[in-house]
Amino acid sequence: MKNLKKATKVDFATYLGVTVSFVIMYILQTGGHLSSSIAGQLVPICCFIVMAVSLNLVVGISGELSLGHAGFMSVGAFGGIIAAQSLAGAVPFAPLRLTIAIVVGALCAVIIGFVVGVPVLRLRGDYLAIVTLAFGQIIKDLINCLLVGYDSHGLHIMFNISGLKSINDLHLEETGKAIIKGAQGAVGITKISSFPAGFILVMLALVIVLNLIRSRSGRAIMAIRDNRIAAESVGLNITKYKLMAFVLSAAMAGAAGALYGLNYGSLVASRFDFNTSILVLVYVVLGGLGNIWGSIIATVVLYMLPEALRQFSNYRMLVYAIVLILVMLATNNDQLKALLRRIIPTRKEADAQ
Amino acid sequence: MVFFTYLISGISLGSVYAIIALGYTMVYGIAKMLNFAHGDVIMVGGYICYIALNSLGLPAVLAVILAMIVCTVLGVVIEGLAYKPLRQAGSLAVLITAIGVSYFLQNAAQLIWGATPKNFTSVVHFNLPSGLMSLGLSSEALITVLACIVIMVALTAFVNHSKLGKAMRACSEDKGAAQLMGINVNRTISMTFAIGSALAAIAGVLLCSSYPVLQPTTGSMPGIKAFTAAVFGGIGSIPGAFIGGLLLGVIESLAKAYISTTLANSIVFAVLIVVLLVKPTGLLGKYAPEKV
């Protein structure tokens, strides 16, 4: 272990921490020691960890502010639901169907990520932020117009732009079933998500992101973040690397979305609105930009926080807001930072000594 | 004829967006921050006016003035408590704090005034001649458009000619240099927040007069739209916010009427994306090439 680089040690500690916490939670869950409210949150937490890790790739590593990350989650969720629901007869084995659904969800998000990324990544800073925000809203509205059903002839898809059509206009057979009913969202979903699947997805996301960061491409992406002009002048292809981070992040968000969607009996598109994007962004920023294990911890803590604040009942979201503001103020306070530095010498200073 | 009606409702809606966008753009121009809590200041303005009209029984003009005063104080307090300590921090830290403030305002409003929507009574109490009414023009729409034009003209004059306006422009260009010239940067930023919040109060009252449903989330969507309008016109530019707001309102209203009600917002955002791709700094935004 001694010969390993510090970064590698941190990575291994991250994998280890996630695995250990999974094993503990899994044993508690199968033993029936968890309250139903906590047990019900295991899969969503895994999804949001993947979301935070993938958004960290865009915001922290690539340095682009994205406010539409939930849009990719939405695409993945509904893509995955369509795949899982229509394959219910063909693939009876649920874990395999879940895998297919997650892959389909990720692919849908990749396609959308590519379509959005190619033109949009030319913009910078706050302009990029507003365009990703706009994109998230458009996705939500488009899915609200989507009518999808399945029968023996295959999938029936219709766009309800006028707002007058309903699921009956698909003319499904008697045995067919509706999958997405416009603004009512996806209905009658067979829940096939499981906590182990969530764990595998989290580990997969970690392996992808951590290996990318330590690779040549990852260093190129960070170089572009730190100084675009200098990076360009040493011959890095800016568009290629930015797009790589963006699309990869979209794929992971899509996979997380598919897992999330298949964890509920019904799902509406407004679940993935602007507020969800912001929620994930808060996880990333509070966990520390570019810090992957920070994102994981921040996600778990902040996801559980409203639950833990239940004793404040009506005041809990108010307390949540105050905690959020105070944490931001405290972490950016120079005096507090100086105080902390005196107590715990940081890594850099320790190395210098 | 029908087209004219939709056009008028679009211009009226656009005027509200423009007033909100002016607040956004001024704050962005000077503090370089996206103030996501701006939309919620609108909501607070609406509630204060509602209370003043219905519980205190004040006349409409006093109610609006009271709403403006409360929002101005609120804006300055928010700036002082939450944003000022983060002046040196990264823009994302400020963004998250602004989101925290937005959550705070929404939830505080819900605790104080309840989650059930309130039925806002219009502050406009005169009727137009029937000839104008038949054109689809309402008295609220007329007042909104007039208010927007007056605010726009006054703000332009203020920023271009007054001493404080000059200080604002100086701060937005170069804070360090402005400080060396003896400008109190912190006070100038506070003043910008004060003006922006007062405008938000007016926008809130006008918005609720035209669309009389008042609830804790009333401000969020118009806030996002106005932010879009500010970017659309070129963020940091006052005429840009005005034009962006008007265009956005008209596009939204016409899209609702002729294309699809459910997709109206999407169409607005799609137009924004196209505009930004063609002109990456917005319609009237200044192109600032990077120097190496």
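A short tour of the structure in this document, coming up. The model shown is predicted, which means the values in this text are computed figures rather than measured ones.

### Some words on the overall build of chain A
Scanning chain A from N- to C-terminus turns up 15 helices and 3 strands. Over its C-alpha atoms chain A spans a radius of gyration of 22 Å, differing by no more than 12% from the 20 Å that the globule rule assigns to 353 residues. Principal axes of the C-alpha set define a box for chain A whose edges measure 75 × 55 × 45 Å. A sequence separation of at least 24 residues applies to 71% of the contacts in chain A between residues at least 6 apart. Total accessible area on chain A is roughly 16300 Å²; 63% of this is exposed by carbon and sulfur atoms. Of the charged side chains in chain A, 27 are positive and 15 negative, and the gap between their average positions amounts to 9 Å.

### What to know about a nonpolar patch on the surface
Side chains of L142(A), F159(A), I161(A), M1(B), V2(B), F3(B), Y6(B), Y258(B) and I259(B) sit close together on the surface and give an oily, nonpolar patch of about 900 Å² of accessible area. Broken down by element, the residue count for the nonpolar patch peaks at 3 residues, all from helix 1 (residues 2-31) of chain B. Examined against the element boundaries, V2(B) turns out to sit in helix 1.

### Some points on the pattern of salt bridges
Under the counting rule described, the total for this entry stands at 6 salt bridges over all chains. As a salt-bridge pair, D226(A) and R225(A) come within 3.1 Å of each other at their nearest N and O atoms. What makes D226(A) exposed here is its relative accessible area of 56%. The salt bridge involving K225(B) is made with E252(B); its shortest N-O contact spans 3.3 Å. Residue K225(B) is found in helix 10 (residues 220-233), and its partner E252(B) is found in helix 11 (residues 238-258); the two are separated by 27 residues along the sequence. Given a relative accessible area of 3%, K225(B) falls into the buried group. Residues joined in a network through salt bridges with shared partners are K225(B), E252(B) and K256(B).

### Observations concerning the pairing of strand 1 (residues 146-151) of chain A
Residue and element names in this part refer to chain A. Counting buried positions over the 6 residues of strand 1 gives 5, a clear majority of the element. Counted between consecutive antiparallel strands, the loop separating strand 1 from strand 2 (residues 154-159) contains 2 residues. Strand direction decides the pairing type here: strand 1 and strand 3 (residues 177-181), joined by 4 bridges, are antiparallel. Within the sheet, the bridge partner assigned to G149 lies in strand 3 and is A178.

How each quantity is defined
- Residues numbered from 1 in each chain as written.
- Chains lettered and ligands numbered in written order.
- Predicted model: local features only at pLDDT ≥ 70, side-chain atom pairs only at ≥ 80, totals over all residues.
- Heavy atoms only, no water.
- Helix = DSSP H or I, 4+ residues; strand = E, 2+ residues; numbered from the N terminus.
- Rg over C-alpha atoms; globule rule 2.2 N^0.38 Å.
- Contact = heavy atoms within 4.5 Å.
- Areas by Shrake-Rupley, 256 points an atom, 1.4 Å probe, with all protein chains shown as cover.
- Lys, Arg positive; Asp, Glu negative; His and termini not counted.
- Charge placed at Lys NZ, Arg CZ, Asp CG, Glu CD.
- Patch = residues over 30% accessible without salt bridge, like charges linked within 9 Å, V, L, I, M, F, W, Y side chains within 5 Å.
- Salt bridge = Lys/Arg side-chain N within 4 Å of Asp/Glu carboxyl O.
- Buried < 20%, exposed > 50% of the residue type's maximum accessible area, 1.4 Å probe, protein only.
- Pairing = 2+ DSSP bridges.

Function cannot be inferred from these measures alone, as they are strictly geometric.
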